[in-house]
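Structure assessment
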Amino acid sequence: MSRYTMAQIVTLTGIKAHTLRKWESRYSFLEPERTDTNIRYYSDIQLKKLLNIGVLTRHGYRISKIDKMSDDEIFNTITNSLPNSNKDDGVSALIISMLDLDEVAFNDILKTQIIKKGLLATTVELIYPFLNQVGVLWGLDKVMPAQEHFVSNLIKKKIFSAIDILPYPKKDASSIVMFLPENEFHETGLLLAYYIARELGWRVYYLGQNVPIKNIEPILKATNPKVMLTMFVTPMLNSVESTINNILTQGNVPLFFSGNILNIDDVVKKEKVIHLFSPDDFMNRLKEM
């Protein structure tokens, strides 16, 4: 079972520290454990409960009423009475289903949002924020690789299904080459970019994960793309800049990049290298090209 400090709980739930302390003193639903030195910590069960309580409070439920509700009542209230959940609610629900390895709940949340808003809006408004929170959990060492792989594969299936039903790009459509560099296997973000580009009518040459840099040059010559896209999710520290430099030597093609960008301030100043800050940024740049 994982342990979370108060600061980590604040980051993951958005509930302020002074609010947590007030709830602890006034209500019975929150009883954090304490270390030998009297420092609070919280369990997986408490994290999931606080995520659910955060959903209820955002929808106007008084904490005094929530305190009297059982765990089942809280769950049923969220499931049955809050059809118009916002982004934060959806992210909280996805985190809980990931921690529980609950495929049915995870798929139901995504399916509901996709039906309501479409995959593109769901990607921007729900999946990307969720993946950011998964990154927080990963950085805190609070999520198992199996849990991360579990949800990544569920998301991938949704994206592949959505891509398959899109119309083929026009013959004269602009093209983009997408790939992850060697030793990079976190593919979900790149797949989301694949869907976005195809939705906007671009021809995508998708090479996938762990692509040797030396293989990029012949692909660029064969496809003559307008731009390349890669991502750095796994922290690579100083090797990120050298990797980007190697990519640039493969052809005279602009490079979009995103993801974890530790220690690469000089890279973003290079000609033809464009740092993407968000899915909206990516979409806008494709529309401008």
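Summary of the structure given here. (Residues numbered from 1 in each chain as written. Predicted model: local features only at pLDDT ≥ 70, side-chain atom pairs only at ≥ 80, totals over all residues. Heavy atoms only, no water.)

Description of the pairing of strand E4 (residues 203–206)
Sheet analysis places strand E3 (residues 175–178) next to E4, joined by 4 bridges and oriented parallel. Within the sheet, the bridge partner assigned to valine 177 lies in E4 and is tyrosine 205. As for the winding sense of the linkage, the β-α-β connection from E3 through helix H10 (residues 188–199) to E4 is right-handed. (Pairing = 2+ DSSP bridges. Helix = DSSP H or I, 4+ residues; strand = E, 2+ residues; numbered from the N terminus. Right-handed = clockwise from strand over helix to strand, strands pointing away.)

Structural notes on the sheet that holds strand E6 (residues 255–259)
The strand order across the open sheet built from 5 strands is E4-E3-E5-E6-E7, with neighbouring strands paired in parallel fashion. Each end of this open sheet is capped by a strand with a single partner; those strands are E4 and strand E7 (273–275). With direction set aside, neighbouring strand axes in the sheet form an average angle of 25°. Sitting on the sheet, helix H12 (residues 239–248) touches strand E5 (227–232), E6 and E7, and the angle it makes with E5 is about 160°. (Axes fitted to C-alpha atoms, helices over the stretch in contact; angles between N-to-C directions. Contact = heavy atoms within 4.5 Å.)

Some thoughts on the pairing of E5
Within E5, 6 of the 6 residues are buried, which leaves the element mostly enclosed by the surrounding structure. Burial of E5 is two-sided: the residues Val227, Leu229 and Met231 facing one way and the residues Met228, Thr230 and Phe232 facing the other way are all buried. Note: E3 against E5, 3 bridges, orientation parallel. Along E5, the bridge assignment pairs valine 177 with methionine 228. Sheet analysis places E5 next to E6, joined by 5 bridges and oriented parallel. Bridge pairing links methionine 228 to leucine 255 in E6. (Buried < 20%, exposed > 50% of the residue type's maximum accessible area, 1.4 Å probe, protein only.)

Structural notes on the packing of helix H1 (residues 6–13) against helix H2 (residues 17–26)
Put simply, H1 and H2 touch, their axes get as near as 9 Å, and they point 110° apart. Between H1 and H2, the interaxial angle falls into the category roughly perpendicular. Note on element contacts: H2 touches H1 through Ala17, Leu20 and Arg21, opposite Met6, Ile9 and Val10. Class assignment for the residues of the contact of H1 with H2 results in 5 nonpolar, no polar and 1 charged. (Parallel < 35°, antiparallel > 145°, perpendicular 65-115°, else oblique. Nonpolar A, V, L, I, M, F, W, Y, C, P; charged D, E, K, R; others polar.)

Some thoughts on the environment of aspartate 108
Here aspartate 108 lies in helix H7 (residues 103–117). Separated by 14 residues in the primary sequence, aspartate 108 and leucine 94 place their C-alpha atoms 9.9 Å from one another.

Comments concerning the pattern of salt bridges
Counted by the stated rule, this structure contains 10 salt bridges. For lysine 48, the salt bridge goes to aspartate 100, with nearest N and O atoms at 2.5 Å. Of the two residues, lysine 48 sits in helix H3 (residues 44–58) while aspartate 100 sits in the loop between helix H6 (87–99) and H7, which places them 52 residues apart along the sequence. Residue lysine 48 is classed as buried on the basis of its relative accessible area of 18%. If you follow the salt bridges from partner to partner, you end up with Glu24, Arg34 and Arg40 in one network. (Salt bridge = Lys/Arg side-chain N within 4 Å of Asp/Glu carboxyl O.)

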